[in-house]
Amino acid sequence: MALRDAAIVGFAETKIEARSGREIWDFAAEILESLITTTGIEKDEIDGFLINGSMTGAGNCFWSQTTAEFLGLELDFCQTVDIGGSSAVGAVARAAAALDAGLCSTILLLNVDTESSEQNLNMRSFHGEWIHPYGMIGPPADFGLISRRYDHLYGLDLEALGKLAVTQRNHALLNDNACEKLRKPLTVEDYLNSRMIADPVRLLDCVMVCDGGNGLLMTTRKRAKEKGFDSFVVPLGYGERTNYRTTDNLADITESGHLVAGQKAFAQAQLKPADIGSYQPYDDFLIAVLIKLEMLGFAERGQGGAFIRERNLSFDGDLPINTGGGQISAGQPGLAGGGVNLIEGVRQLLGKGGARQVKDRRHALVTGIGGIPYGRNWTTSTALILGSEG
Amino acid sequence: MTEVLNDTLSVERPAPRHFAFAEPFWEGTREKKLLLQYCRKSGQFQFYPRPVSVFTGTRDLEWREVSGRGEIFSWTVAHIARPPFTGHTPYAVVTVTLDEGVNVIANLINCPLDEVAIGLRVRAAWTPLPDGTNLLLFEPDGTAAV
C-alpha cells in the first residue's frame with residue numbers, strides 16, 4: 001500500500017506570533033534550517049517540495065517556485081497545495097503519492113503564512129455578489145449559521161464547548177511555541193462570558209490569526225531505514241473530500257465531509273476510533289471540533305457535547321485532544337494553521353511531547369478543514385491517521 | 001425587553017461586480033423580480049447563479065421567476081462588522097430555504113430579535129443599490145398561513 005511506504009523523519013515548528021512583522025521567508029528559513037539540523041538530512045538531498053497556499057503569498061501564482069528559489073532548493077517535484085486549512089494534512093498524502101510514483105525521494109513539506117502581518121488575498125469567488133452585500137464578516141458568521149442549526153437539531157451544549165476551550169488552553173500553557181498572548185489560564189465562565197461575535201459564536205469560540213511556520217521532512221520508509229532513522233512516523237490512512245454533497249441544495253450543514261473522509265482513513269489504516277492515542281482536530285472554531293467527534297465516529301450524532309463532558313480530553317486523559325492547545329489556544333498562523341494540529345500529532349508519536357506527552361503514542365488522528373463554501377460548513381475535509389514506528 | 005435588530009437599510013452598500021452568467025438575476029431585481037436558474041434535465045433550481053448546471057454539468061439552464069417565499073433555515077446576529085456595515089450592528093444574517101428548494105443567504109429585516117427562529121416564514125424584500133438594481137432581503141411573511 002503506497003501510503004504506508006512513506007515515512008515522516010523530521011518535524012519543525014516556529015513560535016506562533018501575533019503581528020510579528022517578520023518576513024514570511026524568514027519563517028520558511030527557520031523551518032528548513034531546523035529540519036536539516038534535527039534530521040541530519042542535507043539540503044541537497046531534498047528533491048521534492050510542497051508548500052501551502054498562503055494569505056501572504058496569495059498575490060503570487062508562482063508561489064512554490066519562488067519560495068524554492070529563495071531557499072536555494074533544486075527540485076524534481078515542486079507544488080503549492082491550495083486547499084486552505086486542509087493543505088498541511090493534504091500535503092502528507094500528496095507527498096506519499098509523489099514518493100510512491102518516484103517523482104522525488106526526499107520531500108520538504110512547508111507551511112508558512114504571515115496573515116496577521118501581510119495579507120495579500122484578492123478573493124475571486126462568490127463572496128463579492130452573494131456574501132459581502134449582507135455584511136457577513138467571514139468565517140465567524142458562517143460558523144454562527146452552523147452553530148444555530150446544530151442548536152436547532154440537537155441543542156448546543158455551551159458548557160461542553162467551554163470545557164473544550166479550557167482543556168485546549170491548559171495544553172497551550174504547556175506549549176512554548178503557542179502565541180504568548182493566549183498563554184493565560186481560562187475558565188468555563190470566561191468562555192461563556194466572552195463577547196458575542198456572530199451569535200451564537202463567541203470570541204473564545206474563534207481562532208486568533210497569527211504568523212508562523214511549520215514543516216515535515218518525508219522520504220520512503222525504505223530509505224528512512226537505510227539512513228538509520230530509529231524512529232519515524234508513517235501515514236496509515238487518509239481520506240479527503242471537497243464539496244461534500246455540493247449538489248444537495250438543502251444538505252445538512254451539521255454533517256461534513258469528515259464523515260466519508262474518516263471512514264476511508266479508518267478503513268485504510270484498519271483501525272477504529274478507540275485505537276487513537278491522541279486526536280488533533282483542526283480547530284478554527286470549537287463547534288468544528290464537536291461536529292467532527294460525531295463525524296469521525298467518536299460520538300453519536302448530536303452527542304458530541306455529551307462526549308466532551310464525559311471524557312477526559314487532557315493530554316493525560318482517555319482521549320487527549322489538541323495537546324498543544326490547538327489553533328484556538330496556540331494561535332492560527334494563517335493558512336499554515338493546519339500544520340499546528342499536524343505537527344502536534346507527529347510530535348506526540350515521536351515521544352517529543354515533553355510536559356504534555358500522551359501515554360499512548362501508537363496512533364494519532366489529525367484532521368483538516370479548508371475553505372468556506374456558500375451556505376454550508378467547509379469546503380475540504382481531511383482525516384489522516386499516523387502511526388509511530390521504532 | 002425585545003432587542004431591536006438593525007434593518008441594514010441605511011447601510012451604503014456598493015453595487016457588487018456581477019459575473020456575466022448572473023446578469024439575468026440582477027436585471028430581474030430592477031423590477032423586484034426574483035429569478036433563479038432552473039435545470040430542466042434534473043428538474044431542480046440552483047442558487048447562487050453558476051455557468052453550468054451543478055447537477056448535470058451541462059449548460060442547459062433557464063431562468064424562472066419564483067415566489068420569494070420560504071422559511072428560515074438558520075440565522076446568526078452580527079455583533080461586529082466591517083465597512084460599510086460598521087456602526088449598524090446588531091443585524092441578522094439568515095439562510096432561507098425558498099419554497100422552490102434552494103438556500104439563500106441574506107439579511108432579515110422588520111423582525112424583532114425574539115421572533116427570529118428557524119422555520120419562520122419569510123418573503124422577499126428589496127433595498128436599492130446605486131446601479132439601479134435591488135438587493136434581495138427577507139422579512140417575516142405576515143400573510144403566511146399558520
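The model shown is predicted, which means the values in this text are computed figures rather than measured ones.

1. Things to note about the overall build of chain A
Step number 1: When helices and strands are tallied, chain A shows 13 helices and 11 strands.
Step number 2: Relative to the globule expectation of 21 Å for 390 residues, the C-alpha radius of gyration of chain A, 19 Å, shows essentially globular dimensions.
Step number 3: For chain A, the spread of C-alpha atoms along the three principal axes comes to 55 × 45 × 40 Å.
Step number 4: Long-range pairs, those at least 24 residues apart, make up 79% of the contacts in chain A with a sequence separation of at least 6.

2. Focus on the overall build of chain B
Step number 1: Scanning chain B for helices and strands turns up one helix and eight strands.
Step number 2: Whereas a compact globule of 146 residues would reach a radius of gyration of roughly 15 Å, chain B reaches 16 Å, a difference of no more than 12%.
Step number 3: Seen along its three principal axes, the alpha-carbon backbone of chain B occupies a region of about 50 × 35 × 25 Å.
Step number 4: Within chain B, contacts between residues separated by at least 24 positions form 57% of all contacts whose residues are at least 6 apart in sequence.

3. Quick look at the interface of chain B and chain A
Step number 1: Contacts between the two partners involve 35 residues from chain B, matched on the other side by 27 residues from chain A.
Step number 2: Breaking the side of chain B that touches chain A down by element, the ones donating at least two residues are strand S2 (44-46), strand S4 (69-78), strand S5 (91-98) and strand S6 (103-108) of chain B.
Step number 3: The dominant element in the side of chain B that touches chain A, judged by the number of residues it contributes, is S4 of chain B, at five residues.
Step number 4: Broken down by class, the residue content of the side of chain B that touches chain A amounts to 20 nonpolar, 12 polar and three charged.

4. Some thoughts on the pairing of strand S7 (residues 121-128) of chain B
Residues and elements named next belong to chain B.
Step number 1: As paired strands, S4 and S7 are joined by three bridges and run antiparallel to one another. Along S7, the bridge assignment pairs Glu71 with Arg121.
Step number 2: Bridge count for S7 against strand S8 (residues 134-140) is seven bridges, and the pairing is antiparallel. Looking at S8, one finds that Pro128 is bridged to Asn134.
Step number 3: What sits between S7 and S8 in their antiparallel hairpin is a turn of five residues, with Gly132 showing a positive phi close to 90°.

5. Considering the nonpolar core
Residues and elements named next belong to chain A.
Step number 1: Ranked by size, the top nonpolar core spans 155 residues in total, and within it Ala95, Ile107, Leu109, Met218 and Leu386 carry the most contacts.
Step number 2: Among the elements that line this core, the one with the most residues is helix H3 (residues 87-100), at nine residues.
Step number 3: Excluding residues within four positions of it along the chain, Ala95 makes contact with Ala6, Gly48, Leu50, Ile107, Leu109 and Met218.

6. Details of the packing of helix H1 (residues 24-39) of chain A against helix H2 (residues 63-71) of chain A
Packed helices, taken two at a time, are described by the angle between their axes plus the distance between the axes.
Residues and elements named next belong to chain A.
Step number 1: Where H1 meets H2, the axes come as close as 10 Å, and the angle between the chain directions of the two elements is 60°. The handedness of the crossing between H1 and H2 is right-handed. Counted together, Trp25, Ala28, Ala29 and Leu32 of H1 and Thr67, Phe70 and Leu71 of H2 form the full contact between these two elements.
Step number 2: Considered class by class, the residues forming the contact of H1 with H2 number six nonpolar, one polar and no charged.

7. What about the sheet that holds strand S3 (residues 61-65) of chain B?
Each strand in a sheet pairs with its neighbour through backbone hydrogen bonds, running either in the same direction (parallel) or in the opposite one (antiparallel).
Residue and element names in this part refer to chain B.
Step number 1: Spatial strand order, S2-S1-S3: three strands in an open sheet with antiparallel pairing. Of all strands in the sheet, those with a lone pairing partner are S2 and S3, marking the two edges. Geometrically, the sheet is characterised by an average inter-axis angle of 45° between neighbouring strands, direction not taken into account.

8. Things to note about the domain arrangement of chain A
Residues and elements named next belong to chain A.
Step number 1: Domains assigned within chain A are domain 1 (3-119 + 210-231) and domain 2 (130-207 + 233-389).
Step number 2: Placing the centre of domain 1 and that of domain 2 at their C-alpha centroids yields a distance of 23 Å.
Step number 3: Listed by partner, the interface residues are 40 residues for domain 1 and 42 residues for domain 2.
Step number 4: Counting only elements with at least two residues in the side of domain 1 that touches domain 2, the list comes to strand S1 (6-13), H3, strand S4 (106-113) and strand S7 (212-220).
Step number 5: With seven residues, the single largest contributor to the side of domain 1 that touches domain 2 is H3.
Step number 6: By residue class, the composition of the side of domain 1 that touches domain 2 is 17 nonpolar, 15 polar and eight charged.

9. With respect to helix H10 (residues 286-295) of chain A
All names here are of chain A.
Step number 1: The buried fraction of H10 is high, at 10 of 10 residues.
Step number 2: Against the buried residues of H10 lie helix H5 (139-154), helix H6 (158-173), helix H9 (258-269), helix H11 (304-310), helix H12 (326-330) and strand S10 (363-370).
Step number 3: Gly297 sits one or two residues past H10 and shows a positive phi near 90°.

10. Focus: H9 of chain A
One turn of the α-helix equals 3.6 residues, which is why residues spaced by three or four share an orientation.
Residue and element names in this part refer to chain A.
Step number 1: Given a rise of 1.5 Å per residue, 12 residues ought to cover 16 Å, and the 16 Å separating the end C-alpha atoms of H9 matches this to within 8%.
Step number 2: Residues of H9 that are buried include every one of His258, Leu259, Ala261, Gly262, Ala265, Phe266 and Ala269, and no others. The arc that holds the buried residues of H9, viewed along the axis, is 165°, so those residues lie on one side.
Step number 3: Check the buried side of H9 and you find it contacts strand S8 (232-242), H10, S10 and strand S11 (380-389).

11. Comments concerning the environment of Gly339 of chain A
Residues and elements named next belong to chain A.
Step number 1: Mapping Gly339 onto the fold places it in helix H13 (residues 338-349).
Step number 2: As for Gly339 and Thr323, which are separated by 16 residues in sequence, their C-alpha atoms are 14 Å apart.
Step number 3: Apart from the residues within four sequence positions on either side, Gly339 is in contact with Ala88, Asn111 and Asn214.

12. Some remarks on the confidence of the model for chain A
Step number 1: Across chain A, pLDDT averages 98, with 100% of residues at or above 70.
Step number 2: Between the elements of chain A, mean pLDDT differs from a low of 97, seen in helix H8 (residues 221-226) of chain A, to a high of 99, seen in strand S2 (residues 48-52) of chain A.

What counts, and at which threshold
Residues numbered from 1 in each chain as written. Chains lettered and ligands numbered in written order. Predicted model: local features only at pLDDT ≥ 70, side-chain atom pairs only at ≥ 80, totals over all residues. Helix = DSSP H or I, 4+ residues; strand = E, 2+ residues; numbered from the N terminus. Rg over C-alpha atoms; globule rule 2.2 N^0.38 Å. Contact = placed C-beta atoms within 7 Å. Nonpolar A, V, L, I, M, F, W, Y, C, P; charged D, E, K, R; others polar. Pairing = 2+ DSSP bridges. Core = buried A, V, L, I, M, F, W, Y, C linked by C-beta atoms within 7 Å. Buried ≥ 20, exposed ≤ 12 C-beta atoms within 10 Å, placed from the backbone. Axes fitted to C-alpha atoms, helices over the stretch in contact; angles between N-to-C directions. Left-handed = near helix turned anticlockwise from the far one by under 90°. Domains from an automatic or database assignment. Expected span 1.5 Å × (residues − 1). Arc of directions from axis to C-beta. pLDDT = per-residue confidence, 0-100.

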